[in-house]
Amino acid sequence: MILSINNVEVTFRVGPWFNRQPILGVAGVSFDVAPGETFALVGESGSGKTTLANAINGLQSISNGDVTFLGERIDTTSQRNMKPLRQQMAMMFQDPVGSLSPRMRVGDLVAEPFHIHKIKANIKEETERLLSLVGLSGDFANRYPHQLSGGQARRVGVARAIALNPKLIIADEPTAGLDVSVQGEVLNLLNDLRERMDLAMIIITHNLHVVHHVADRMAVMYLGRIVELGETESMFRAPAHPYTAALLSANPEPDPDKAKERISLPAEVPSLLARPSGCEFHTRCPWVQSRCKSDQPFANGEVRNIACHYPLSPGDKLPVKQSSI
Amino acid sequence: MNILEIQNLNVTFDTEDGQLRALRDVSFNVPEHRIVGIVGESGCGKSTLINSILGLLADNGQVEKGKILFEGQNLTELNSSQLRELRGVRISTVFQDPMGALNPVISVGTQMLHIQYRSSLSKSEKLDNAAEMLRRVRIPDRESALTRYPHEFSGGMKQRIAIAMAMMMEPALLIADEPTTALDATLEVATIELLQDLQQQIGCSVLFISHHLGVIAELCDDVVVMYAGEVVERGTTRQIFYRPMHPYTERLLQCDPAGQSERTRHLPTIPGEIPDLRLRTPGCIFAARCHCREDICDSTPPEVEIEGQSARCHRLVA
Ligand SMILES: Nc1ncnc2c1ncn2[C@@H]1O[C@H](COP(=O)(O)OP(=O)(O)OP(=O)(O)O)[C@@H](O)[C@H]1O
Ligand SMILES: Nc1ncnc2c1ncn2[C@@H]1O[C@H](COP(=O)(O)OP(=O)(O)OP(=O)(O)O)[C@@H](O)[C@H]1O
Ligand SMILES: [Mg+2]
Ligand SMILES: [Mg+2]
C-alpha cells in the first residue's frame, strides 16, 4: 500500500469566541490506496472530503488516527522530514484560481515546485513541456492567474501537480469548470501518467460519470464518515447503502426528455453540532427502521464495506411513502 | 419580450503579446420567464460575456462594438454608478468563484444583512429571511452558520451561500456562472428545482452557464453554444440535444462521459487545439478541428436558421 489512513478524525471549533464548540469535520475514516490505483471520494457537499484530503497531505492537523504514506507516519512527522514526502505527494486544490499566487506568472507558478524542492533541471524546458502537456500554448507562461479562464487556471494546477513526477496525486475536483473535451484530456493525461509511472490517485469529485469511468474503487462520505466503500463498477450496478443509492439516482443526465426515477431525500441536513443518534443517515433514510434510530451501524464486509443495518439488494423498491398528517 | 438582448457584441483584451478577441459578434436573447443555458469550451468567453453585461470587465478589456440591451436600456452606455445600481437590484449574479462573491472577513450573517439594505424590515426580520434562504439551499445549523466566516464552509456550501444571496435579491435577471460545480448530485438536482421554483415564483429570467450538460438538459429552456469567442449555435434545449446543427455541438455532446455506456479509461476528446484568439482569420472558427471540414470553410460561414434553431456553418447550406 502506498497510503494507509486509519480512523482519522479532524476537529474544528466553530461559533462566536465566547461559545466555541467542537465539530468533527472528519469522524473516523479508514482506507488504503495501492500503487497505480485510482480511488474516488464522493459524497455530500460538506461531508469532509476536502478536510480529509488536507489531513492526508499534512495541511490539516488530525485529532485522532494515523496516516501512513510510503511507510512513514505523516501525522507525526516533523515539517522538515515531511518535505521529501511531500514531493512524492502532489495536491490539486478545489479552488483553482485561489490556490495560485496572484502576483506570479504562469511560467513561474509551474516552475515553483522545482524551486521549493531545490531540483536541478532546465526549468525553461520543463515549464514548456508541462504547459504543453496540459494543453496551454507557450504564450500562457507570461499571463497572471486573473487573466486565465477558470478552466485554464485548473490546467495550470495540473501542470504544477505533475511537475515532480509524484507517486500520489490528491485531486480535489480536478475537472470542475472544464468542458467535457478538456476534462477528457486532463483525465486521459492523468491516466497515462498512472500507467507509465504507477501513479496512484485520490480523486475527489461530484461528477459521478467521471468516477464511473476512471475510478477502480470509490468511497461515499456522509457527515464525515464513509458509509460505503467498494469496487466502482459493482457499486454503480448495485448500491447497497441508501445514501449511495439516492446519490447515484440523482445524477443529472444529458437527455432533456428522459424520465428519471430519483430517490428524493428530505432536505434537512443534520447538524454537526448535534449528530443524529444511531445511524446518522436515519433522519433522511427512506428505508429507516426503528433499530436505525438507536444502534450505530459500523462498516463491515470484505470487498464492500457498508455502514448500514439493512443494506439494499438490487431491485429493492422505494418503500411506499407514509403520509404524515 | 426579451429581458436581455445581446447584439453583435465584440470584446477585446490588451495583452503583452497583442490584442486578444475574447468575444466576436455575439448575439442572442434571453426572453422573459425563460432559463437560457450557455455551454462551450473552457476559455471561450462565457465569463467575459457576463462581465461585459455587468460592466465588470478587467482594466485591460473593452467592449469594442455591439449592444447589451437590458429591459430595453443599452448597458454599454451606462456609467459605473448606474451599473452598480442595476447590479444590486434588477440583475443579480452568482459568480464562478464563490470566494470572490463572499467577503472573507465578514460573517455570512452580516453579509446577508448588508444585501438587504434597501428593505424596510427590522434587523431580526432580515436575519429570519437570511436563515430561510440558507434553509432553502440546505445549509444545516442556520443560526450558527450565520455567525461563521466563509472559510469555515466547504466549497459547495460557499457556492450555496452565494446562490442564496443572489436569490434574496428577487432580481429580474439572475446570472449564474457555473453555480453547481462543487455540489453533489442530490444538491445539484435540488438547485435545479430551486431555480425553477424561483423562476416561477418571481417570474425572473435566468442566464445559466455550465459545463455539466446533464444540468443544462434538465434545467434550461434554451441553449447557446459558444466556441472561441463566438456563438456557433442556439436553439431550444431539445433542438440542441436531439438535433445539433453545428459540428462543434455534435462533438461536444459526444465527449460527455455520461453518454459513454461502456466503461472506459480513455475518454473521448476533440482533437486539435483551440485557436489563438489573437489571430483571427475570416473562415469558420471551428474549421481547424472540424471532422467535416472542406475548402469552403476558409470563408465566413453563413448563419442558417431552421425552426428557430440557428447555427453558423457552411455544411447547412449544401
Ligand atoms: N476551517 C474550518 N473551520 C470550521 N469548520 C470547517 C472548516 N473547514 C471545513 N469546515 C466544516 O467541515 C465540514 C466538512 O468540510 P469540507 O470542506 O471537508 O467538505 P467537502 O466534503 O469538501 O464539501 P464540498 O463537496 O462542498 O467541497 C463542513 O461542515 C465545513 O463547514
Ligand atoms: N484580463 C484578461 N486579460 C487577458 N486575457 C483574458 C483576461 N480575462 C480572460 N482572458 C482570456 O479570454 C478568454 C475568455 O475567458 P473567459 O474567462 O471568459 O472564459 P470562460 O468561457 O469563462 O472559460 P471557463 O469555462 O474556463 O471559465 C480566455 O482565453 C482567457 O484566457
Ligand atoms: Mg470540498
Ligand atoms: Mg468562466
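Every chain is numbered independently, its residues counted from 1 as its sequence is written. Ligands are numbered from 1 and chains lettered from A, in the order in which they are written. The model is predicted, so local features are restricted to residues of pLDDT at least 70 and side-chain atom pairs to those at 80 or more, both for listing and for counting; the totals for chains, interfaces and linings are taken over all residues. Only hydrogens and water are set aside; all other atoms, that is, all heavy atoms of the structure, feed into the side-chain values.

A. Expanded view of the coordination of the magnesium ion (ligand 4). Residue and element names in this part refer to chain B. Around the magnesium ion (ligand 4), the protein contributes the donor atoms Ser47 (OG) and Gln96 (OE1), at 2.0 to 2.2 Å from the metal centre. Here Ser47 is found in helix 1 (residues 46–54), whereas its partner Gln96 is found in the loop between strand 6 (91–94) and helix 3 (98–101), with 49 residues between them in sequence. Assessed through its relative accessible area of 24%, Gln96 is described here as partly exposed. Donor atoms (N, O, S) are those found within 2.8 Å of the metal centre, with the cutoff raised to 3.2 Å for Na, K and Ca; water is not part of the atom list, so apparent gaps in a site can occur. Helix numbering and strand numbering both begin at the N terminus, where a helix is a DSSP run of H or I of at least 4 residues and a strand a DSSP run of E of at least 2. Throughout this description, buried means an accessible area under 20% of the type-specific maximum (1.4 Å probe, protein chains only), exposed means over 50%, and partly exposed covers the range between.

B. Molecular detail of the layout of surface pockets. Residue and element names in this part refer to chain B. Throughout, the protein atoms alone are placed on a 1 Å grid, and a set of points is a cavity if a 1.4 Å probe fits but cannot get out or a pocket if it is open with protein on both sides within 12 Å along at least five of seven lines; lining residues have an atom within 4 Å of a point. Grid points are joined across faces, edges and corners, and a volume is the space filled by probe spheres set on the points. Taken as a whole, the second largest pocket encloses approximately 990 Å³ of empty space. Around the second largest pocket, the lining is made up of 36 residues, and of these Gly88, Ser92, Ile115, Met165 and Met169 lie nearest the centre. When contributions to the lining of the second largest pocket are tallied by element, the ones reaching two or more residues are helix 2 (80–89), strand 6, helix 3, helix 5 (123–136), helix 7 (155–168) and helix 8 (185–202). A per-element tally of the lining of the second largest pocket places helix 2 first, with six residues. Three categories are distinguished: nonpolar for Ala, Val, Leu, Ile, Met, Phe, Trp, Tyr, Cys and Pro, charged for Asp, Glu, Lys and Arg, and polar for the others, with Gly belonging to the last. Of the residues in the lining of the second largest pocket, the class split is 18 nonpolar, 10 polar and eight charged. Built from parts of two domains, the lining of the second largest pocket gets at least three residues from each of domain 1 (2–77 + 175–185 + 202–260 + 267–316) and domain 2 (91–170). Those domain boundaries reflect an automatic or database domain assignment.

C. Examining the site of ligand 2 more closely. We call a residue near a molecule or strand when any one of its heavy atoms sits within 4 Å of it. By nearness alone, 23 residues border ligand 2, and Arg143, Gly151 and Gln152 of chain A together with Gly43 and Thr48 of chain B come closest of all. In this structure, ligand 2 sits where chains A and B come together, each supplying nearby residues. One nitrogen or oxygen atom from the main chain of Gly45 of chain B is found 2.9 Å from an oxygen atom belonging to ligand 2. In this description, accessible areas are obtained by the Shrake-Rupley approach with a 1.4 Å probe, and a residue is regarded as covered only by the protein chains that are shown. When the free accessible area of ligand 2 is taken as 640 Å², the share hidden by the protein chains comes to 96%. At the level of elements, helix 5 (150–162) of chain A together with strand 1 (2–15) and helix 1 of chain B are the ones that each hand at least two residues to the shell around ligand 2. The class makeup of the residues in the shell around ligand 2 is five nonpolar, 15 polar and three charged. Nitrogen and oxygen atoms within 3.5 Å of one another constitute a polar contact, given that in protein one can donate a hydrogen and the other can accept it, and given that sequence-neighbouring residues count only through two side-chain atoms.

D. Examining the packing of helix 9 (residues 242–250) of chain A against helix 8 of chain B more closely. At a closest axis distance of 7 Å, the pairing of helix 9 of chain A and helix 8 of chain B adopts a crossing angle of 50°. On the basis of their axis angle, the class for helix 9 of chain A and helix 8 of chain B is oblique. The element helix 9 of chain A and its partner helix 8 of chain B pack so that their crossing is left-handed. Between helix 9 of chain A, through Tyr243, Ala246, Leu247 and Ala250 of chain A, and helix 8 of chain B, the contact on the second element is made entirely by Ala185, Thr186 and Val189 of chain B. Residues that form the contact of helix 9 of chain A with helix 8 of chain B fall into these classes: six nonpolar, one polar and no charged. Simply put, an axis is a line fit to the C-alpha atoms, just over the touching stretch for a helix, and the angle between two N-to-C directions goes from 0 to 180 degrees. Angle categories are assigned with fixed cut-offs, so that under 35 degrees is roughly parallel, over 145 is roughly antiparallel, 65 to 115 is roughly perpendicular, and the rest are oblique. Take the far helix as your reference; a near helix turned counterclockwise from it by less than a right angle gives a left-handed crossing, and one turned clockwise gives a right-handed crossing. Note on definitions: a residue-residue contact is assigned when non-hydrogen atoms from the two residues lie within 4.5 Å.

E. Layout of the pairing of strand 11 (residues 303–306) of chain B. Two elements, strand 11 of chain B and strand 12 (residues 309–312) of chain B, share four bridges in a ladder whose sense is antiparallel. The residue bridging Ile306 of chain B from the neighbouring strand is Gln309 of chain B, located in strand 12 of chain B. Two strands qualify as a pair provided that DSSP identifies no fewer than 2 bridges between them.

F. Local environment of the nonpolar core. Residue and element names in this part refer to chain B. Leu4, Phe28 and Met112 are the most contacted members of the largest nonpolar core, which has 93 residues in total. At nine residues, the largest contribution of residues to this core is made by helix 7. Among the domains, domain 1 (2–77 + 175–185 + 202–260 + 267–316) and domain 2 (91–170) are the pair contributing at least three residues each to this core. Leaving out residues up to four positions away in the same chain, Phe28 has contacts with Leu4, Glu5, Ile6, Ile38, Leu49, Leu207, Val224, Val231 and Arg234. We call a set of buried Ala, Val, Leu, Ile, Met, Phe, Trp, Tyr and Cys residues a nonpolar core when their side-chain atoms join them within 4.5 Å.

G. Spotlight on the site of ligand 1. In the region of ligand 1, 22 residues are neighbours, and Gly46, Thr50 and Thr51 of chain A together with Ser154 and Gly156 of chain B sit closest. Looking at the residues close to ligand 1, they fall on chains A and B. Expressed as a share of its isolated accessible area of 640 Å², the protein-covered part of ligand 1 is 92%. Those elements giving two or more residues to the shell around ligand 1 turn out to be strand 1 (3–14) and helix 1 (49–57) of chain A together with helix 7 of chain B. The class makeup of the residues in the shell around ligand 1 is six nonpolar, 12 polar and four charged.

H. Up close: the domain arrangement of chain B. Residues and elements named next belong to chain B. If you check the domain split of chain B, you get domain 1 (2–77 + 175–185 + 202–260 + 267–316) and domain 2 (91–170). One C-alpha centre belongs to domain 1, the other to domain 2; they are set 30 Å apart. On the domain 2 side, the residues contacting the 17 residues of domain 1 number 12 residues. Of the roughly 1200 Å² buried between domain 1 and domain 2, counting both surfaces, carbon and sulfur atoms make up 62%. The working definition used for a salt bridge is a side-chain nitrogen of Lys or Arg within 4 Å of a carboxyl oxygen of Asp or Glu. Summed over the shared surface of domain 1 and domain 2, the number is zero salt bridges. One can count nine residue pairs in polar contact (both at pLDDT 80 or more) joining domain 1 with domain 2. Contributions of two or more residues to the side of domain 1 that touches domain 2 are made by helix 1 and strand 7 (173–177). With four residues, helix 1 is the largest single contributor of residues to the side of domain 1 that touches domain 2. Looking at side-chain class alone, the side of domain 1 that touches domain 2 contains 11 nonpolar, four polar and two charged residues. By convention, the term buried area covers the 1.4 Å-probe accessible surface removed from two parts as they join, with the contributions of both added.

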